[in-house]
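Read off the chains here:
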Amino acid sequence: MLRLIRHSAVLITLLALIGSNLLLLSSTAFNAAISSALATTLGVRTASAALSSKLAGSERQLSALKSSQIRRSKSVRGFGKSLTSRTKRVAARGIAAIPAESLPYIGAAVVVSSMVYELYEACQTLRELDTLYADLGISQAVPDDAMQSLCNPPPLNELFTQPNSQPDV
């Protein structure tokens, strides 16, 4: 009788081990459950736990990259829309100013005001480009001399008295 119980116990243990091995190899849920049970009870770091933590880290990185890509796309799209509308405005104003520039006396004022408007729009473009560089994480910024020349031009009387001393843009 004792022999029968012992053989039955060995047979049940053998079937349980074969069944658990099959489940470990074929069922990811069972594998994860056994892995977490071993990790919590014995403090053993299993391959499944290591892969799960690596996968979670990769998913976090992917999520961060996707949000960064979305933010960058919005920045580029916004810059493109703004540059397109600004270019249309400057071109329309330039075309509209052609007849007025040919008039005596008034033409000079129109030329100067057109130039002031174009400088203002160019300055806005450089500022938006600087913002775009910052949004994209590009360390190179718009050169200070370009910003200074376009956004803070010298007074008109300096331009007329010393035209050759002005910086190139």
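Bear in mind that the values here come from a model prediction, so they are computed numbers and not experimental data.

Colleague: I tried to follow the environment of glutamine 124 on my own but got confused; where do I start?
Modeller: The topology assignment puts glutamine 124 in helix H4 (residues 106–136). Between the C-alpha atoms of glutamine 124 and alanine 9, which are 115 residues apart in sequence, the distance is 84 Å. A polar contact of 3.3 Å, which involves the side chain of glutamine 124, links it to the side chain of arginine 127.

Colleague: So what exactly am I meant to see when it comes to the pattern of salt bridges here?
Modeller: Pairing is possible between side chains that carry opposite charge, provided their charged atoms lie close to one another. By the definition in use, this model includes three salt bridges. For the salt bridge of glutamate 121 with arginine 89, the shortest nitrogen-to-oxygen distance reads 3.1 Å. Note that glutamate 121 is positioned in helix H4 and arginine 89 in helix H3 (residues 47–101), a separation of 32 residues in sequence. With relative accessibility at 5%, the residue glutamate 121 sits in the buried group. If you follow the salt bridges from partner to partner, you end up with Arg86, Arg89, Glu121 and Glu128 in one network.

Colleague: Any chance you could explain the packing of H3 against H4 here in plain terms?
Modeller: The geometry of H3 relative to H4 is characterised by a closest axis approach of 10 Å and an angle of 175° between their N-to-C directions. By the angle between their axes, H3 is roughly antiparallel relative to H4. When its residues are assigned to classes, the contact of H3 with H4 shows 13 nonpolar, seven polar and 10 charged.

Colleague: Can you walk me through the packing of H4 against helix H5 (residues 144–151) in this structure?
Modeller: Axes are the key here: two packed helices are described by the angle between their axes and the distance separating the axes. For the pair H4 and H5, interaxial distance at closest approach is 8 Å and the crossing angle is 150°. With respect to their mutual orientation, H4 and H5 come out roughly antiparallel. Pair H4 / H5 crosses with left-handed handedness. Residues Leu119, Ala122, Cys123, Leu126 and Arg127 of H4 touch H5, and the partners they reach there are Ala146, Met147, Leu150 and Cys151. For the contact of H4 with H5, the residue count by class is eight nonpolar, no polar and one charged.

Colleague: Explanation requested: the packing of aromatic side chains in the structure shown.
Modeller: Two descriptors summarise a pair of aromatic rings, namely the distance from one centre to the other and the angle between the planes of the rings. Counted under the stated rule, the structure contains zero aromatic pairs. The ring of tyrosine 117 has arginine 93 lying over it, and the distance from NZ or CZ to the ring centre is 4.9 Å.

Colleague: Please explain the state of the cysteines as it appears in this structure.
Modeller: What we call a disulfide is simply a covalent bond connecting the sulfur atoms of a pair of cysteines. Enumeration over the complete set of coordinates arrives at one disulfide. Residue cysteine 123 pairs covalently with cysteine 151 via a disulfide, S to S 1.9 Å. Taking the torsion about the sulfur-sulfur bond, which here is approximately 110°, the covalent link between cysteine 123 and cysteine 151 counts as right-handed. Taken together, the positions of cysteine 123 in helix H4 and cysteine 151 in helix H5 put the pair 28 residues apart, joining distant regions of the chain. Residue cysteine 123 is classed as buried on the basis of its relative accessible area, which comes to 4%. The class of cysteine 151 is buried, set by a relative accessible area of 17%.

Basis of the calculations
Residues numbered from 1 in each chain as written. Predicted model: local features only at pLDDT ≥ 70, side-chain atom pairs only at ≥ 80, totals over all residues. Heavy atoms only, no water. Helix = DSSP H or I, 4+ residues; strand = E, 2+ residues; numbered from the N terminus. Polar contact = N/O pair within 3.5 Å; in protein donor to acceptor, adjacent residues only side chain to side chain. Salt bridge = Lys/Arg side-chain N within 4 Å of Asp/Glu carboxyl O. Buried < 20%, exposed > 50% of the residue type's maximum accessible area, 1.4 Å probe, protein only. Axes fitted to C-alpha atoms, helices over the stretch in contact; angles between N-to-C directions. Parallel < 35°, antiparallel > 145°, perpendicular 65-115°, else oblique. Nonpolar A, V, L, I, M, F, W, Y, C, P; charged D, E, K, R; others polar. Left-handed = near helix turned anticlockwise from the far one by under 90°. Contact = heavy atoms within 4.5 Å. Phe/Tyr/Trp six-rings, centres within 6.5 Å; stacked < 30°, edge-to-face > 60°. Lys NZ or Arg CZ within 6 Å of the ring centre and 35° of its normal. Disulfide = S-S within 2.5 Å.

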